[in-house]
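Each chain, written out:
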Amino acid sequence: MTWTFTADVDLFLARAGPSLSARPAGSTVVLTVTAALRRHGPRAYGDHDPVLGWWRGADGEVAGTLLHTPPYPATLNAVAPEAIAPLMAARRLTRVNADRATARAVAAHWPGHRVDKEQRLYRLGEPTPPSPAPGGRARPATPADRELLPDPA
(Lines give C-alpha, C1' and ligand atoms only; values in the text may rest on other atoms or scores of the structure.)
Protein backbone atom coordinates (compact mmCIF):
# COMPACT_ATOMS: atom_id res chain seq x y z
CA MET A 1 0.00 0.00 0.00
CA THR A 2 1.71 3.12 -1.22
CA TRP A 3 1.31 6.44 -2.96
CA THR A 4 3.10 7.04 -6.26
CA PHE A 5 3.53 10.61 -7.55
CA THR A 6 4.47 11.92 -10.97
CA ALA A 7 4.15 14.97 -13.21
CA ASP A 8 3.71 12.70 -16.24
CA VAL A 9 0.05 12.75 -17.28
CA ASP A 10 0.42 9.76 -19.59
CA LEU A 11 1.98 7.65 -16.84
CA PHE A 12 -0.73 8.73 -14.39
CA LEU A 13 -3.50 7.79 -16.81
CA ALA A 14 -1.82 4.49 -17.68
CA ARG A 15 -1.82 3.53 -13.99
CA ALA A 16 -4.94 5.26 -12.62
CA GLY A 17 -6.99 5.75 -15.79
CA PRO A 18 -8.87 2.43 -15.63
CA SER A 19 -9.94 3.16 -12.05
CA LEU A 20 -11.08 6.67 -13.01
CA SER A 21 -12.88 5.47 -16.12
CA ALA A 22 -14.75 2.86 -14.09
CA ARG A 23 -16.43 5.75 -12.21
CA PRO A 24 -16.71 8.50 -14.85
CA ALA A 25 -19.35 10.58 -13.05
CA GLY A 26 -17.30 10.77 -9.84
CA SER A 27 -14.07 11.26 -11.77
CA THR A 28 -15.30 14.09 -13.99
CA VAL A 29 -12.90 16.72 -12.67
CA VAL A 30 -9.80 14.51 -12.80
CA LEU A 31 -10.60 13.20 -16.27
CA THR A 32 -11.35 16.69 -17.60
CA VAL A 33 -8.23 18.29 -16.11
CA THR A 34 -5.91 15.50 -17.27
CA ALA A 35 -7.38 15.78 -20.79
CA ALA A 36 -6.58 19.51 -20.72
CA LEU A 37 -3.04 18.81 -19.45
CA ARG A 38 -2.52 16.38 -22.31
CA ARG A 39 -3.84 18.90 -24.83
CA HIS A 40 -2.20 22.09 -23.51
CA GLY A 41 0.86 20.84 -21.64
CA PRO A 42 1.82 20.44 -17.98
CA ARG A 43 1.54 24.15 -17.16
CA ALA A 44 -1.94 24.61 -18.55
CA TYR A 45 -3.20 25.69 -15.12
CA GLY A 46 -0.29 27.68 -13.74
CA ASP A 47 3.45 28.18 -13.49
CA HIS A 48 4.17 24.81 -11.85
CA ASP A 49 4.06 21.25 -13.09
CA PRO A 50 1.12 19.22 -11.83
CA VAL A 51 1.43 16.58 -9.15
CA LEU A 52 -0.50 13.45 -10.02
CA GLY A 53 -0.70 10.52 -7.66
CA TRP A 54 -2.38 7.21 -7.09
CA TRP A 55 -2.73 4.94 -4.07
CA ARG A 56 -2.59 1.18 -4.45
CA GLY A 57 -4.39 -0.85 -1.81
CA ALA A 58 -3.31 -4.17 -0.36
CA ASP A 59 -4.81 -5.92 -3.39
CA GLY A 60 -2.61 -3.87 -5.74
CA GLU A 61 -5.59 -2.03 -7.24
CA VAL A 62 -5.77 1.77 -7.45
CA ALA A 63 -7.84 2.95 -4.50
CA GLY A 64 -7.59 6.71 -4.80
CA THR A 65 -6.02 9.50 -6.80
CA LEU A 66 -4.57 12.95 -6.23
CA LEU A 67 -4.50 15.70 -8.85
CA HIS A 68 -2.78 18.96 -7.91
CA THR A 69 -2.34 21.78 -10.41
CA PRO A 70 -0.88 24.67 -8.39
CA PRO A 71 -2.10 27.25 -7.53
CA TYR A 72 -5.40 25.35 -7.29
CA PRO A 73 -6.27 23.02 -4.40
CA ALA A 74 -5.47 19.34 -4.74
CA THR A 75 -8.36 17.15 -5.86
CA LEU A 76 -8.67 13.82 -4.08
CA ASN A 77 -10.78 11.21 -5.80
CA ALA A 78 -12.11 8.00 -4.21
CA VAL A 79 -9.25 7.90 -1.70
CA ALA A 80 -9.32 4.90 0.62
CA PRO A 81 -9.44 5.91 4.32
CA GLU A 82 -6.15 4.12 5.05
CA ALA A 83 -4.44 6.25 2.37
CA ILE A 84 -5.05 9.60 4.09
CA ALA A 85 -2.31 9.50 6.75
CA PRO A 86 0.39 8.37 4.27
CA LEU A 87 -0.73 11.08 1.85
CA MET A 88 -0.52 13.77 4.52
CA ALA A 89 2.95 12.52 5.48
CA ALA A 90 4.11 12.55 1.84
CA ARG A 91 2.63 15.85 0.62
CA ARG A 92 2.20 19.25 2.20
CA LEU A 93 -1.39 19.95 1.26
CA THR A 94 -3.02 23.14 2.52
CA ARG A 95 -6.31 22.93 0.61
CA VAL A 96 -8.22 20.05 -0.94
CA ASN A 97 -11.29 19.34 -3.00
CA ALA A 98 -12.74 15.99 -2.02
CA ASP A 99 -15.91 14.21 -1.05
CA ARG A 100 -17.10 15.02 2.46
CA ALA A 101 -15.71 11.90 4.19
CA THR A 102 -12.28 12.30 2.59
CA ALA A 103 -12.19 16.03 3.33
CA ARG A 104 -13.01 15.37 6.99
CA ALA A 105 -10.29 12.71 7.20
CA VAL A 106 -7.75 15.13 5.70
CA ALA A 107 -8.94 17.95 7.97
CA ALA A 108 -8.28 15.79 11.02
CA HIS A 109 -4.58 16.33 10.22
CA TRP A 110 -4.99 20.13 10.25
CA PRO A 111 -5.55 21.88 13.56
CA GLY A 112 -8.10 24.69 13.28
CA HIS A 113 -9.31 23.67 9.82
CA ARG A 114 -12.39 25.17 8.22
CA VAL A 115 -14.68 24.25 5.39
CA ASP A 116 -14.73 26.96 2.73
CA LYS A 117 -17.56 25.51 0.69
CA GLU A 118 -19.30 22.30 -0.16
CA GLN A 119 -20.23 21.36 -3.69
CA ARG A 120 -22.27 18.58 -5.21
CA LEU A 121 -22.14 16.84 -8.52
CA TYR A 122 -25.53 16.12 -10.02
CA ARG A 123 -26.22 13.59 -12.69
CA LEU A 124 -29.33 13.68 -14.83
CA GLY A 125 -31.08 10.35 -14.91
CA GLU A 126 -33.80 9.38 -17.32
CA PRO A 127 -35.86 12.49 -18.10
CA THR A 128 -39.56 12.21 -17.27
CA PRO A 129 -41.91 14.21 -19.50
CA PRO A 130 -44.43 16.32 -17.58
CA SER A 131 -47.90 14.91 -17.33
CA PRO A 132 -50.05 16.47 -18.46
CA ALA A 133 -47.84 18.03 -21.13
CA PRO A 134 -48.07 21.85 -21.34
CA GLY A 135 -49.79 23.37 -24.32
CA GLY A 136 -47.88 24.94 -27.17
CA ARG A 137 -44.90 23.85 -29.19
CA ALA A 138 -41.17 24.59 -29.43
CA ARG A 139 -40.12 27.43 -31.74
CA PRO A 140 -37.08 29.66 -32.26
CA ALA A 141 -37.04 32.85 -30.19
CA THR A 142 -37.65 36.15 -31.98
CA PRO A 143 -36.92 39.78 -31.06
CA ALA A 144 -40.51 40.01 -29.78
CA ASP A 145 -39.56 37.50 -27.06
CA ARG A 146 -36.91 39.83 -25.58
CA GLU A 147 -39.37 41.23 -23.03
CA LEU A 148 -39.68 37.72 -21.56
CA LEU A 149 -35.99 37.70 -20.57
CA PRO A 150 -34.96 38.82 -17.07
CA ASP A 151 -33.25 42.19 -16.79
CA PRO A 152 -29.48 41.47 -16.41
CA ALA A 153 -28.99 44.56 -14.22
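Our structure's up above, just so we're on the same page.
A brief structural summary.

What follows concerns the overall build of the chain. The number of helices and strands found in the chain is four helices and five strands. At 21 Å, the chain has a C-alpha radius of gyration far larger than the 15 Å of a compact globule built from 153 residues. For the chain, contacts bridging at least 24 residues in sequence account for 51% of all contacts bridging at least 6. Accessible area for the chain stands at about 10800 Å²; split by element, carbon and sulfur atoms hold 54% of it. In the chain, the 18 positive side-chain charges and the 14 negative ones have mean positions that sit 1 Å from each other.

Attention now goes to the environment of tryptophan 54. Mapped onto the elements of the fold, tryptophan 54 is located in strand β2 (residues 51-56). Given a relative accessible area of 4%, tryptophan 54 falls into the buried group. Spatially, the C-alpha atoms of tryptophan 54 and proline 18 are 12 Å apart, while their sequence positions differ by 36 residues. The residues touching tryptophan 54, leaving out its near neighbours within four places in the chain, are Thr2, Trp3, Thr4, Thr6, Leu11, Phe12, Arg15, Ala16, Val62, Gly64 and Thr65.

Further remarks concern the side chain of histidine 68. Locating histidine 68 in the fold gives a position in strand β3 (residues 62-68). Taking the relative accessible area as the measure of exposure, histidine 68 reaches 17% and is therefore buried. Those residues in contact with histidine 68 that sit more than four places away from it in its chain are Pro50, Val51, Pro73, Ala74 and Leu93.

Let us now look at the packing of aromatic side chains. Under the criterion given, the structure shown has four aromatic pairs. On the numbers, 5.8 Å between centres and 5° between planes, the contact of tryptophan 3 with phenylalanine 5 is stacked. On the accessibility criterion, tryptophan 3 (10% relative accessible area) is buried. Judged by its relative accessible area of 27%, phenylalanine 5 is partly exposed.

How each quantity is defined
- Residues numbered from 1 in each chain as written.
- Predicted model: local features only at pLDDT ≥ 70, side-chain atom pairs only at ≥ 80, totals over all residues.
- Heavy atoms only, no water.
- Helix = DSSP H or I, 4+ residues; strand = E, 2+ residues; numbered from the N terminus.
- Rg over C-alpha atoms; globule rule 2.2 N^0.38 Å.
- Contact = heavy atoms within 4.5 Å.
- Areas by Shrake-Rupley, 256 points an atom, 1.4 Å probe, with all protein chains shown as cover.
- Lys, Arg positive; Asp, Glu negative; His and termini not counted.
- Charge placed at Lys NZ, Arg CZ, Asp CG, Glu CD.
- Buried < 20%, exposed > 50% of the residue type's maximum accessible area, 1.4 Å probe, protein only.
- Phe/Tyr/Trp six-rings, centres within 6.5 Å; stacked < 30°, edge-to-face > 60°.

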